[in-house]
Amino acid sequence: MSDETQNLIDGRAGGFALAATGLLAGAAVAAAGGGVAAPAGIAAAVLIFGGYVAAQRVGLVESGSAGRRGLPQFEACAEPVFVTDFQGRVAARNPVAERMAASGPLLAPWCEDPRASLYRLAREARANGVAAEPALDPGQRVVATRHGRRSLLWRIERLPGTATPGLAGAGAPWLRIDAEGRILAANAAAEALAPGATRVEALVADPPLRADGVHSLASSGRAARAVVMPGEDGTRDVLLIPLDVAEVSGLVPDHFLEDLPVALARLETTGRLTYANTAARALLGPRAEPGANIAELIEGLGRPIAERLADTLRGRALGRSEVARGMVDGQEIFLQVAFTRTMLDGAPSLLAVLSDATELKTLEAQFVQSQKMQAVGQLAGGVAHDFNNLLTAINGHCDLLLMRHDVADVEHGDLMQIRQNANRAAALVRQLLAFSRKQTLRPTIINLQDTLSELTHLLNRLLTDKVTLRISHGPDLWPVRVDERQIEQVIMNLVVNARDAMPRGGEVRIATRNLRLEQDLHRDRAVVLPGDYVVIEVADSGTGIPEGKLNKIFEPFYTTKQVGEGTGLGLSTAYGIVKQTGGFIFADSPPGQGAVFTIYLPAYDKVEPAAAPEPEPRRPRDLTGRGLVLLVEDEDPVRSFAARALRLRGYTVLEAGSGEAALEILADPGLHVDIMLSDVIMPGLDGPAWVREAQKARPGTKVIFMSGYAEDAFVGGDSGVPGAGFMPKPFTLNELTQRVKETLEG
């Protein structure tokens, strides 16, 4: 709190105490006298107190000794200077203002309407820190500046071209500067701040010097008001009046924003940068220097920066943040930028609040990518389901035809061609399901060394004569629990991809090793948690993958091959299988060293004794059987084939095209059904829904579901039927009859 403000408070307190004492004294006398004297005494005391308050209101009585106090910083000034509160009550004067105190109301000698000018200037200075308007004398103007938390400093300033009395003897730092900021003269207080300084920038820590602005002194860091008065021949007299930082109340110089954790930048109305704190410079990069235009540092994604600045100056969209993009050290960054119009030392300016949105945009890109992958995955799953129904009918009827044609028949070869191509189509459908992570996995505990050894012969057949294969294993590989056929598919896809990357020949290297992670491993957009992993690396000596394509190679249908040379499903299929297995797959391409695909598979828990592999069920040679089968399938070709196949093996078959039709058949209590064979996805009641309803009356009936989707999505848990079997589509005649017989005998 400044001395002037404290004196004002003390003076007002003393005056009110005096009036209050009079009030109490009058009341006491009245009480002692009693009778008619009592009301009269109280009334007199109230008149004394009220008269004092009214006199203060109109300025006839000043608060304590405030009006008699001087302003040592302005004692040498030949123009009047005084301090008031926000209501215009005088708290201190310099000697010139003291001599003119009896000339009338405040500002009377200089303003045509003193009360109106006092109100306007006080209101504007309180809001913006400084206010000014011309005086009656054409060579003067009245200036009001914020001087503390509740006080204003008033002075009558001479305009350029008029002489300014010398201030060399002022108690505050004084200096005379030219138009370029060179120091022409200075008093002892200014010399003490920066001995031998030749420019004004040596005294303030946040140049350039602003008239009536709040600056930070370079020597002490304290806040000071720069009172600038024009002199002769373009020179200026500058008084640096120290201020308490706590009293600046929002008008602190930018220097005090330097170490804030929030990125702040001050701009001129044209967008030119005048100041950026440490956090803002870290975001905007080394080009964020005073004088640079903000539009050259960042660009708006939706609207140009210049348009946003213009809207902010007009009072539209104040404080609303938008995303902008910039380049710092060759890296693309995204920033949330909010512009706000402010007043600095009486002039309009802009304040920019920035925050790093790069991670937010990355998450947004990941979310968009995940949505795209999910949509394509759902499409792939739906297409695979329909394809599996078609392939089931094709394979099934082909099997029925093969039962009537032996190898010697002419049609036998054509039927085998149909069957082989149907199997190839089924393999493509499995790739779609693997990409959408909806294929049925049959995990077993395996040793990758044994699996790769058995796969070596097939891998060599996939490679050309110009490409060699080299496999190396780490010692004592830990076991993993995966679907062996699916992992083989992943290795084959990666090897084929490596082969195609080396048209002139080269080497494909497959290496395995154990890895124990003690802390999180951050790779690309994934986090590999601590634990034990078995790592598979598939590397080639080809040309590698361009950096801009590394983040796209696992996308479905994305390929760099020529038209007709690839479907773009190989790597996305490998990605889907590995992720569904619970592992991770990453791609690296060091310049000039080919590509390296790294797979992390969780090691099987070695603490628990490894369970012995389940023995494969004995395949009965006689696939005939007896029993009543309720077959529910909405696809007519699939239902027709399955019914004929089961009847050929000796079963009695009841057919239904929907779950509702199946429940109508089961409404006969005298009908004994041995097994219910149902599709999962059907119009109306789906497979699990109608089976659960049927089992309320027939709890012991055995159930087999068949579907082109994954098993774990429908069987078991709350959404499935506990104890039910599952048969993935497409299936052959023998697979169908074998599964039905095993279930009935189990």
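What comes next concerns the included structure.

So, the overall build of the chain
A count of helical and extended segments in the chain gives 18 helices and 30 strands. For the chain, the residues scored as buried account for 45% of the 746 residues in total. Expressed as a percentage of contacts within the chain between residues at least 6 apart in sequence, the contacts between residues at least 24 apart total 58%. For the chain, the exposed area adds up to about 37,100 Å²; of that, 55% sits on carbon and sulfur atoms.

A short note on the packing of aromatic side chains
For the structure on display, the rule yields four aromatic pairs. Aromatic side chains Phe584 and Phe586 sit 6.4 Å apart centroid to centroid with 5° between the ring planes, which places their arrangement in the stacked category. Overall, the relative accessible area of 3% leaves Phe586 in the buried class. Arranged with centres 5.8 Å apart and planes meeting at 70°, the rings of Phe586 and Tyr600 form a pair that is edge-to-face. Taken as a pair, Phe586 in strand β24 (residues 584–588) and Tyr600 in strand β25 (residues 596–602) lie far apart in primary sequence, 14 residues in all. Judged on exposure class, the residue Phe586 and its partner Tyr600 are both buried. A network of ring pairs unites the aromatic residues Tyr533, Phe584, Phe586 and Tyr600 as a single cluster.

Remarks on the pattern of salt bridges
This model, assessed by the stated rule, comprises 24 salt bridges. Between Arg182 and Glu180 there is a salt bridge whose closest N-O contact spans 3.4 Å. Classification of Glu180 by relative accessible area gives partly exposed; the value is 47%. Notably, a salt bridge pairs Arg639 with Glu655, separated by 3.4 Å at the nearest N-O pair. Taken as a pair, Arg639 in helix α15 (residues 636–648) and Glu655 in strand β27 (residues 652–656) lie far apart in primary sequence, 16 residues in all. Judged by relative accessible area, which is 37%, Glu655 ranks as partly exposed. One salt-bridge network, in which partners are shared between bridges, spans Asp636, Arg639, Arg647 and Glu655.

What counts and how
Residues numbered from 1 in each chain as written. Predicted model: local features only at pLDDT ≥ 70, side-chain atom pairs only at ≥ 80, totals over all residues. Heavy atoms only, no water. Helix = DSSP H or I, 4+ residues; strand = E, 2+ residues; numbered from the N terminus. Buried < 20%, exposed > 50% of the residue type's maximum accessible area, 1.4 Å probe, protein only. Contact = heavy atoms within 4.5 Å. Areas by Shrake-Rupley, 256 points an atom, 1.4 Å probe, with all protein chains shown as cover. Phe/Tyr/Trp six-rings, centres within 6.5 Å; stacked < 30°, edge-to-face > 60°. Salt bridge = Lys/Arg side-chain N within 4 Å of Asp/Glu carboxyl O.

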